[in-house]
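# Structural description and commentary
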Amino acid sequence: MSIDTKLVEKAITEAELQTSGEIRVHIESHCPSDVMDRASVVFSALKMHKTQARNGVLIYLSTQDRKFAILGDGGINAVVADDFWQSTYDIALPLLKDGNWTEALCRTLHSCGEQLKAHFPYQKGDIDELDNTVSWGD
Ligand code: CA
Ligand code: CA
């Protein structure tokens, strides 16, 4: 199933109107290792640790392997509970199971914006520190 990149990118932009957190989406067909390890490699490769408040969030999706991860930077982990992303996962998982990638990503992004808002509210004069385009792997 194809992914509507435009819709996903719109959802990134909308989520970032809720929060100063910077959210990126990376999509590839195969996940070469453990999904959290892979997300962490991608996070570094995209230089996502370079936000001022260390509040970058990577949403990682491997379509062939159906692997999915949400990885937040240190600034987020320092202030939130361990199960911070659980409700977001719970929203996404049934959609991912159905291969409904676009909807899964858009809902995940919406939920990330809502969750992050409490800890990292959107500030006037916000700078877009990380590109809102989808990052595509192989
Ligand atoms: Ca921003
Ligand atoms: Ca951004």
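Please read these numbers as outputs of a predicted model, since none were measured by experiment.

### Points about the sheet that holds strand S1 (residues 22-28)
With mixed pairing, four strands are arranged side by side in an open sheet as S3-S2-S1-S4. The open sheet is flanked by strand S3 (67-72) and strand S4 (135-136), the only strands paired with a single partner. Sheet topology note: the strand S2 (residues 56-62)/S3 ladder contains six bridges and is antiparallel. The residue bridging Tyr60 from the neighbouring strand is Ala69, located in S3. Lying on the sheet, helix H2 (residues 35-45) is in contact with S1, S2 and S3; it crosses S3 at an angle near 55 degrees.

### Quick notes on the coordination of the calcium ion (ligand 2)
In this structure, Glu16 (OE), Glu16 (OE), Glu22 (OE), Asp128 (OD), Leu130 (O) and Asn132 (OD1) serve as the protein donors to the calcium ion (ligand 2), at separations of 2.2 to 2.5 Å. Read in sequence order, the donor residues for the calcium ion (ligand 2) give the motif E-x5-E-x105-D-x1-L-x1-N. The distance between the calcium ion (ligand 2) and the calcium ion (ligand 1) comes to 5.3 Å, and Glu22 binds to both of them. Of the two residues, Glu22 sits in strand S1 while Asp128 sits in the loop between helix H5 (101-117) and S4, which places them 106 residues apart along the sequence. Judged by its relative accessible area of 1%, Glu22 falls in the buried class. For Asp128, a relative accessible area of 43% translates into the label partly exposed.

### Things to note about the side chain of Gln115
Of note, Gln115 is situated in helix H5. Setting aside residues up to four positions removed in sequence, Gln115 forms contacts with Phe84, Ser87 and Thr88.

### Notes on the pairing of S2
Of all seven residues in S2, seven are buried, a share of seventy percent or more. Residues Gly56, Leu58, Tyr60 and Ser62 line one face of S2 and the alternating positions Val57, Ile59 and Leu61 line the opposite face, and both faces are buried. Sheet topology note: the S1/S2 ladder contains seven bridges and is parallel. Residue pairing for S2: Ile23 is matched across the bridge by Val57. Once you follow S1 into H2 and on to S2, the crossover reads as right-handed. In sequence, S2 turns back onto S3 through a hairpin of four residues, with Arg66 there showing a positive phi of about 50 degrees.

### Things to note about the layout of surface pockets
Gaps between atoms show up when a probe of the same size as a water molecule is rolled over them. Space inside the largest pocket adds up to approximately 200 Å³. Taken together, Ser20, Gln52, Ala53, Asn55, Gln123, Gly125, Asp126, Ile127 and Glu129 form the lining of the largest pocket. A class-by-class count of the residues in the lining of the largest pocket yields two nonpolar, five polar and two charged.

### Topic: the nonpolar core
Among the nonpolar cores identified, the biggest contains 42 residues, and Val8, Val25 and Trp85 are the most heavily contacted of them. Among the elements of the structure, helix H1 (5-15), S1, H2, S2, S3, helix H4 (86-97) and H5 are those that each provide at least two residues to this core. Residues in contact with Trp85, not counting those within four places in the same chain, are Val57, Ile70, Gly72, Ile76, Cys112 and Leu116.

Analysis parameters
Residues numbered from 1 in each chain as written. Chains lettered and ligands numbered in written order. Predicted model: local features only at pLDDT ≥ 70, side-chain atom pairs only at ≥ 80, totals over all residues. Heavy atoms only, no water. Pairing = 2+ DSSP bridges. Helix = DSSP H or I, 4+ residues; strand = E, 2+ residues; numbered from the N terminus. Contact = heavy atoms within 4.5 Å. Axes fitted to C-alpha atoms, helices over the stretch in contact; angles between N-to-C directions. Donors = N, O, S within 2.8 Å, 3.2 Å for Na, K, Ca; no water. Buried < 20%, exposed > 50% of the residue type's maximum accessible area, 1.4 Å probe, protein only. Right-handed = clockwise from strand over helix to strand, strands pointing away. 1 Å grid on protein atoms, 1.4 Å probe; cavity = no way out; pocket = protein on both sides within 12 Å on 5 of 7 lines; lining within 4 Å. Points joined across faces, edges and corners; volume = space filled by probe spheres on them. Nonpolar A, V, L, I, M, F, W, Y, C, P; charged D, E, K, R; others polar. Core = buried A, V, L, I, M, F, W, Y, C linked by side-chain atoms within 4.5 Å.

From the geometry alone we can't say anything about function, so treat these as descriptive.
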